[in-house]
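Here is how the chains run, residue by residue.
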Amino acid sequence: MEDLAQRVALSPAARIAVIGAGYAGMAAAVELAAGGARVTVFEAAPGPGGRARRVVSRGQALDNGQHILVGAYRELLALMRRVGADPERSLLRLPLELRYARGFRLRAPRLRAPMHLAAALLSARGLPWRERLRAMRFMRAMRRAGFRLASDETVSALLARHAQDGIAARYLWGPLCVAALNTLPQQASANAFLAVLRDSLGGARAASDLLLPRVDLSSLFPEPAGRYVAARGSEVLTGRRVRGVARDGDAFRVEGARFERVVLACAPYQLAALASALPELAPLLRAADRYTYQPIYTCYLQYPQAVQLPAPMLGLDGGLVQWAFDRGTLTGERGRIACVISAQGDHQQMAHGELAGRCHQELARALGGLPAPLWSRVIAEKRATVATLPGVPRPGPETPLAGLYLAGDYTDPEYPPTLEAAVRSGLRAAACALRSV
Ligand SMILES: Cc1cc2nc3c(=O)[nH]c(=O)nc-3n(C[C@H](O)[C@H](O)[C@H](O)COP(=O)(O)OP(=O)(O)OC[C@H]3O[C@@H](n4cnc5c(N)ncnc54)[C@H](O)[C@@H]3O)c2cc1C
């Protein structure tokens, strides 16, 4: 601690503490370091990445959950380039394809927008003609409305008003909602859903591309970001849980050192532990207390190396598993399938062994048979994201305390809690901090 206080005291540049080395905190750190600030990132965990990180489970290196990116993740992709984490190498770019093991299949051809979407809907397999036309009318109506409702409602209500209640709701809009918002359509915010539609299906063709990580989630951005800030005289201190932030005149005290600015880049439920000595933040903490959370479960099934899925990402229907990912194709982990279950459901009551058995059965049924898995792991992220509900206000980067800013996926004014929302929030908090010094 003395070491840190001494180093910080000697630094002539603006001294800024970032608390949390998730995607939001690391985005803030990169922007601040590039802007000439001297940054210290504090991270409680042994490594950076937060809710998108590499973990080791009984000797196996795994991601804490399978993640999907889309071409619309503009800020994250730009930041990856900036820190030398080449997205072309570390992400597999595929034209949007929602392919189910049986029946439904929608694929966006490499045409200019919005032709790619029209062609995808018109050629979708398993979608009756009248639904294809209705889905196109729905997208046109949303485009005319600027992908925004004056009064927010649930995604289910929006879909019902536009007669999107058949196959399209089941295989297209519903799964998109759960994948992007991690909230069931009957609860999810239509405006957050529309922001995703605007920037993906409603945007340029490349924005709707699926980008599947070829490297683990720590190597994808947080670790290269750490090297980038270290090369600019800043530091990332891992295994350093901050016990509280206190005022120190017009600056702040964090772990015994003085900082002119602080960015709190942790999850909302982690704020209270940091801010107990900052009464000005009480309203913010009360608001954070009212958030509810949604889980994401990832079940890794390791089969013999020859086992493969017919596509890198395959939809499953009618059971617990929503999407299965072929880690052999993506990361070279041959025979390994990641099964993803987003949002709340009955699976939360199951023991991990039982759940892994169910995932195997569902996968075997979808593929017409599979050998028994060699091993399995279930990673349950119980508070994976805040629930994206209609009308729940987001705090943004500013707080009632001058010099103290918020970052984190839950702070974005319109985007659901995703990697892109986290990165955008980090950039916004950094811009506020840089402007103010
Ligand atoms: C299983 C799973 C699957 C997901 N799938 C997708 C997906 O497919 N696509 C997508 O875009 N998004 C997905 N997400 C969401 C995405 O991972 C998050 O939106 C994003 O990682 C949040 O980043 P963040 O920086 O805001 O918060 P976090 O990652 O939570 O970072 C906060 C950090 O602060 C640290 N911290 C907290 N308190 C302290 C303290 N007192 N001192 C020091 N450090 C502290 C924490 O350890 C943590 O590292 C998924 C999330 C999960 C869990």
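Residues numbered from 1 in each chain as written. Predicted model: local features only at pLDDT ≥ 70, side-chain atom pairs only at ≥ 80, totals over all residues.

Chemist: Before we go on, may I ask you to explain the overall build of the protein in this structure?
Modeler: From N to C terminus, the protein includes 16 helices and 20 strands. Relative to a compact globule of 437 residues, whose C-alpha radius of gyration would be 22 Å, the protein shows 22 Å and is just as compact. Oriented by its inertia axes, the alpha-carbon framework of the protein measures out at about 65 × 50 × 40 Å. The buried share of the protein, reckoned over its 437 residues, is 50%. (Helix = DSSP H or I, 4+ residues; strand = E, 2+ residues; numbered from the N terminus. Rg over C-alpha atoms; globule rule 2.2 N^0.38 Å. Buried ≥ 20, exposed ≤ 12 C-beta atoms within 10 Å, placed from the backbone.)

Chemist: Can you walk me through the domain arrangement of the protein in this structure?
Modeler: How big an interface is tends to be stated in terms of the accessible area lost upon association of its parts. Assigned domains of the protein: these are domain 1 (2-53 + 218-291 + 394-436), domain 2 (96-208) and domain 3 (293-386). Once you take the C-alpha centre of each, domain 1 and domain 3 turn out to be 34 Å apart. Every contact between the two is made by 7 residues of domain 1 and, on the other side, 6 residues of domain 3. Split by residue class, the side of domain 1 that touches domain 3 holds 5 nonpolar, no polar and 2 charged. (Domains from an automatic or database assignment. Contact = placed C-beta atoms within 7 Å. Nonpolar A, V, L, I, M, F, W, Y, C, P; charged D, E, K, R; others polar.)

Chemist: Please explain the sheet that holds strand β13 (residues 257-259) as it appears in this structure.
Modeler: Backbone-to-backbone hydrogen bonds join strands into a sheet, with any given pair of strands oriented parallel or antiparallel. A sheet is described by the order of its strands in space; here 3 strands give the open sequence β11-β12-β13, paired in antiparallel fashion. This sheet does not close on itself; its edge strands, each paired only once, are β11 (245-248) and β13. Averaged over all neighbouring strand pairs, the angle between strand axes comes to 35°, with direction disregarded. Here strand β12 (residues 251-254) pairs with β13 via 3 bridges, running antiparallel. (Pairing = 2+ DSSP bridges. Axes fitted to C-alpha atoms, helices over the stretch in contact; angles between N-to-C directions.)

Chemist: Got a minute to help me understand the site of the ligand in this structure?
Modeler: Taken together, 38 residues lie near the ligand, and G20, G22, G50, G65 and T418 sit nearest. Tallied by class, residues from the shell around the ligand come to 20 nonpolar, 12 polar and 6 charged. Both domains that furnish three or more residues to the shell around the ligand are identified here as domain 1 (2-53 + 218-291 + 394-436) and domain 3 (293-386). (Near = placed C-beta within 6 Å.)

Chemist: What should I look at first to understand the sheet that holds strand β1 (residues 15-19) in this one?
Modeler: In spatial order, the strands read β10-β2-β1-β14-β20; together these 5 strands make up an open sheet with parallel pairing. Here the strands that pair on one side only, and so sit at the sheet edges, are β10 (235-238) and β20 (404-406). The sheet shows a mean angle of 20° between the axes of neighbouring strands, direction not considered. Here helix α2 (residues 23-34) sits on the sheet and contacts β1, β2 (38-43) and β14 (261-264); the angle it forms with β2, its principal contact strand, is near 165°.

Chemist: Explanation requested: helix α9 (residues 190-199) in the structure shown.
Modeler: Note that an α-helix has 3.6 residues per turn; residues three or four places apart therefore point the same way. Most of α9 is tucked away, with 9 of its 10 residues classed as buried. Taken together, the buried positions of α9 are A190, N191, A192, F193, L194, A195, V196, L197 and D199. Buried residues along α9 sit against α6 (129-144), α7 (155-161) and α8 (167-181).

Chemist: Sorry if this is basic, but what is going on with the packing of helix α5 (residues 115-122) against α6 here?
Modeler: Each pair of packed helices gets described by two things: the angle between the helix axes and the distance between those axes. Closest axis-to-axis distance for the α5/α6 pair is 9 Å, and the angle between their directions is 155°. As summarised for this structure, α5 and α6 are arranged roughly antiparallel, according to the angle between their axes. With respect to the hand of their crossing, α5 and α6 are arranged in right-handed fashion. Residues L117, A118, L121 and L122 of α5 pack against R132, A135, M136 and M139 of α6. Of the residues belonging to the contact of α5 with α6, the class tally is 7 nonpolar, no polar and 1 charged. (Parallel < 35°, antiparallel > 145°, perpendicular 65-115°, else oblique. Left-handed = near helix turned anticlockwise from the far one by under 90°.)

Chemist: Got a minute to help me understand unusual backbone geometry in this structure?
Modeler: Peptide bonds are trans in most cases, and residues, glycine excluded, mostly fall at negative phi. Residue A113 is joined to P114 through a cis peptide bond whose omega torsion reads -5°. Relative to the helices and strands, P114 resides in the loop between β8 (105-107) and α5. Residues other than glycine seldom take positive phi values, yet E255 does so here, at roughly 50°. Assignment of secondary structure puts E255 in the loop between β12 and β13. Overall, E255 belongs to the buried group, with 20 C-beta atoms counted inside 10 Å.

Chemist: For this particular structure, what's the right way to read the nonpolar core?
Modeler: Most often, soluble globular proteins keep nonpolar side chains buried together rather than apart. Ranked by size, the top nonpolar core spans 137 residues in total, and within it A28, A29 and V263 carry the most contacts. If you tally residues by element for this core, the top one is α8, at 10 residues. (Core = buried A, V, L, I, M, F, W, Y, C linked by C-beta atoms within 7 Å.)

Chemist: Would you explain helix α3 (residues 74-82) in this entry?
Modeler: Among the residues of α3, L76, L77, L79 and M80 are the ones counted as buried. Angular distribution of buried residues about the axis of α3 spans 165°; they occupy a single face of the element. Among the exposed residues of α3, those pointing more than 90 degrees away from its buried face are A78 and R81. The inward-facing, buried residues of α3 contact α2, β5 (69-70), α4 (87-90) and α16 (419-436). Positive backbone phi, approximately 85°, marks G84, located one or two places after α3. (Arc of directions from axis to C-beta.)

Chemist: Can you walk me through the pairing of strand β9 (residues 210-213) in this structure?
Modeler: Put simply, side chains in a regular strand alternate between the two faces of the sheet. Across the two faces of β9 the burial is the same, with L210 and L212 and L211 and P213 all buried. Here β5 pairs with β9 via 2 bridges, running antiparallel. If you follow L69 over to β9, its bridge partner there is L211.

Chemist: Just checking my understanding: could you explain the environment of G20 for this structure?
Modeler: Looking at the element boundaries, G20 is found in the loop between β1 and α2. Taking the C-alpha atoms as reference, G20 lies 34 Å from E97; in sequence the two are 77 residues apart. The contact partners of G20, leaving out residues within four places of it in the chain, are G25, E43, G50, A265 and C266.

Chemist: Even after reading the chapter, I still don't get the environment of G146, so can you show me in this structure?
Modeler: By the element assignment, G146 lies in the loop between α6 and α7. Along the primary structure G146 and P413 are separated by 267 residues, whereas in three dimensions their C-alpha atoms are 16 Å apart.

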